[in-house]
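# An overview of the molecular structure
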Amino acid sequence: MNSGFGGRIHLHSSAYRKAHSCETTLITLVEDWRLARDQGKVVSILSTDMSKAFDSLHPPLLLSKLRAYGFRENTVQLLNSYFTYRKYRIKIGRHFSSSRLVNRGCPQGPAFGPLLWNVFQNDLHYGLNTKLLMYADDHQIYHIWDDQGAVTSQLKESANFASNWYVSNLVAGNIKKYQAMDIGFSQSNGNIHVNGEEIKTTDDLQLLDVTLDSDLSFSDLSCRKASQRIGVLRGF
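These notes cover the structure that comes with them. (Residues numbered from 1 in each chain as written. Predicted model: local features only at pLDDT ≥ 70, side-chain atom pairs only at ≥ 80, totals over all residues. Heavy atoms only, no water.)

## Observations concerning the overall build of the protein
Applicable threshold: Runs of E in the DSSP output that reach at least two residues are strands. Runs of H or I that reach at least four are helices, and both are numbered from the N terminus. Using a 1.4 Å probe on the protein chains alone, a residue whose accessible area is under 20% of its type maximum counts as buried, one over 50% counts as exposed, and one in between counts as partly exposed. Every residue pair with non-hydrogen atoms within 4.5 Å of one another is taken to be in contact. Per-residue and other accessible areas follow the Shrake-Rupley method at a 1.4 Å probe size, with only the shown protein chains counted as cover for residues.
Helices and strands together make up the secondary structure of the protein, namely eight helices and 15 strands. Relative to its full complement of 236 residues, the protein shows a buried share of 44%. Residue pairs at least 24 apart in sequence account for 65% of intrachain contacts in the protein once pairs closer than 6 positions are excluded. Of the roughly 12,700 Å² of accessible surface on the protein, 49% is carried by carbon and sulfur atoms.

## Considerations on the pattern of salt bridges
The criterion, for reference: Any carboxyl oxygen of Asp or Glu within 4 Å of a side-chain nitrogen of Lys or Arg constitutes a salt bridge here.
Evaluation of the coordinates by the stated rule reveals three salt bridges. Across the salt bridge formed by E73 and R67, the nearest N and O atoms sit 3.0 Å from each other. Among the residues examined, E73 registers a relative accessible area of 38% and is labelled partly exposed.

## Structural notes on the packing of helix α4 (residues 59–68) against helix α6 (residues 112–121)
Short version of the rule: Helix axes are fitted to C-alpha atoms over the stretch in contact, other axes to C-alpha atoms as well, and angles between N-to-C directions run from 0 to 180 degrees. Angle categories are assigned with fixed cut-offs, so that under 35 degrees is roughly parallel, over 145 is roughly antiparallel, 65 to 115 is roughly perpendicular, and the rest are oblique.
Relative orientation of the contacting elements α4 and α6 amounts to 70°, with a least axis distance of 10 Å. When the axis of α4 is compared with that of α6, the two are roughly perpendicular. Residues L61, L62, K65 and L66 of α4 lie in contact with α6, whose contacting residues are L116, V119 and F120.

## Some remarks on the packing of aromatic side chains
In this description, an aromatic ring pair is defined by two values, namely the gap between the centres and the angle between the planes. The criterion, for reference: Stacked, edge-to-face and tilted are the three classes for Phe, Tyr and Trp ring pairs, Trp counted by its six-membered ring, which pair at centre distances within 6.5 Å; planes under 30 degrees apart are stacked, over 60 edge-to-face, the rest tilted. Look at NZ for Lys and CZ for Arg. If either is within 6 Å of the ring centre and within 35 degrees of the ring normal, a charge sits over the ring.
If you walk through the whole model with that rule in mind, you get six aromatic pairs. Plain terms: the ring middles of W165 and Y166 are 5.9 Å apart, the flat faces sit at 80° to each other, and that makes the pair edge-to-face. Residue Y166 is classed as buried on the basis of its relative accessible area of 0%. Through a chain of ring-to-ring contacts, three or more aromatic side chains come together here, namely F54, W117, F120, W165 and Y166. Cation over ring: K65 sits above F120, and NZ or CZ is 4.2 Å from the ring centre. Taking the ring centre of Y82 as reference, the NZ or CZ of R86 above it sits at 4.9 Å.

## Some thoughts on α4
Applicable threshold: As used here, the arc is the angular range of directions from the helix axis to the C-beta atoms.
Inspection of α4 places P59, L62, L63, K65 and L66 among the buried residues, and these make up the whole buried set. Taken end-on, α4 shows its buried residues confined to a sector of 155°, consistent with a single buried face. At its buried positions, α4 is contacted by α5 (73–83), α6 and α7 (148–168). Phi turns positive, to about 95°, at G70, one or two residues after α4.

## Considering the environment of R86
Mapped onto the elements of the fold, R86 is located in strand β3 (residues 86–88). Sequence-wise, R86 and R100 are 14 residues apart; in three dimensions their C-alpha atoms are separated by 8.3 Å. Sequence-distant contacts of R86, defined by excluding residues within four places in its chain, comprise R100, L101, V102 and P107.

## Quick word on the sheet that holds strand β7 (residues 131–135)
Using the following cut-off: Strands are labelled as partners when DSSP assigns at least two bridges between them.
One open sheet accounts for five strands, arranged β7-β8-β1-β10-β13; its pairing is mixed. Pairing within the sheet leaves two strands with one partner each, and these edge strands are β7 and β13 (201–202). Pairing between β7 and strand β8 (residues 138–145): five bridges, direction antiparallel. Paired with L133 across the strands is Q140, a residue of β8. Across the face of the sheet, α7 comes into contact with β1 (42–48) and β8 while running at roughly 155° to β8.

## Overview of the side chain of N169
Inclusion rule: A 3.5 Å cut-off defines polar contacts: any pair of N or O atoms within that distance qualifies, except that in protein one atom must be a possible hydrogen donor and the other a possible acceptor, and neighbouring residues in sequence count only when both atoms are side-chain atoms.
Position of N169 among the secondary structure elements: in the loop between α7 and β9 (172–173). Residue classification places N169 among the buried positions, given a relative accessible area of 5%. A polar contact is formed between the side chain of N169 and the side chain of K65, at a distance of 2.7 Å. If we ignore the near neighbours within four places in the chain, the residues touching N169 are L61, K65 and F120.

So this is what it looks like as structure tokens:
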């Protein structure tokens, strides 16, 4: 399945892939935004969040997507058997709970699970006219242009599309944790709204354990691997 689908994975889907990582995601974003500023353009960014994304994957929908991608029916049925009659139970000390069937979720633990998640979310980028970087269930949607009003308008459209995609794919967008940031704006265009909810635009963005500020100065950078990442990011 990996060999059959690998070439179709969105270019900027960075998690669980060889030669891709948290660091490559951050470098790609920062370099793209800095290049835009060097060219006198502005950037409007939305960082989205999903609630219990991996636990929400709907197997029948994933199987339908595989058919749409052209996978043979015997492959689809093999994967269907992988999802069928999956059970879980809880162990506390020497005691076990009764078993229960699992009808939702991406199996976590096996190496196969992350690939399934990348396949499941891959079609999100087809309907977006803005740029999209995906690291697992962290999605960064942004638009670059010469005009503040144009980038804000385009981002609003893409933000609503992404949130509607979450709904139609049976995963929950956690709008309360959405973040927005503008780079290079001479004045604020105000907050954006997603499905009626206001998303506050701030001067910094918490992304993959790193604080990115709107000046891209990294004046307040914190990260679990700060000692490695600061050296990489500040070298550009």
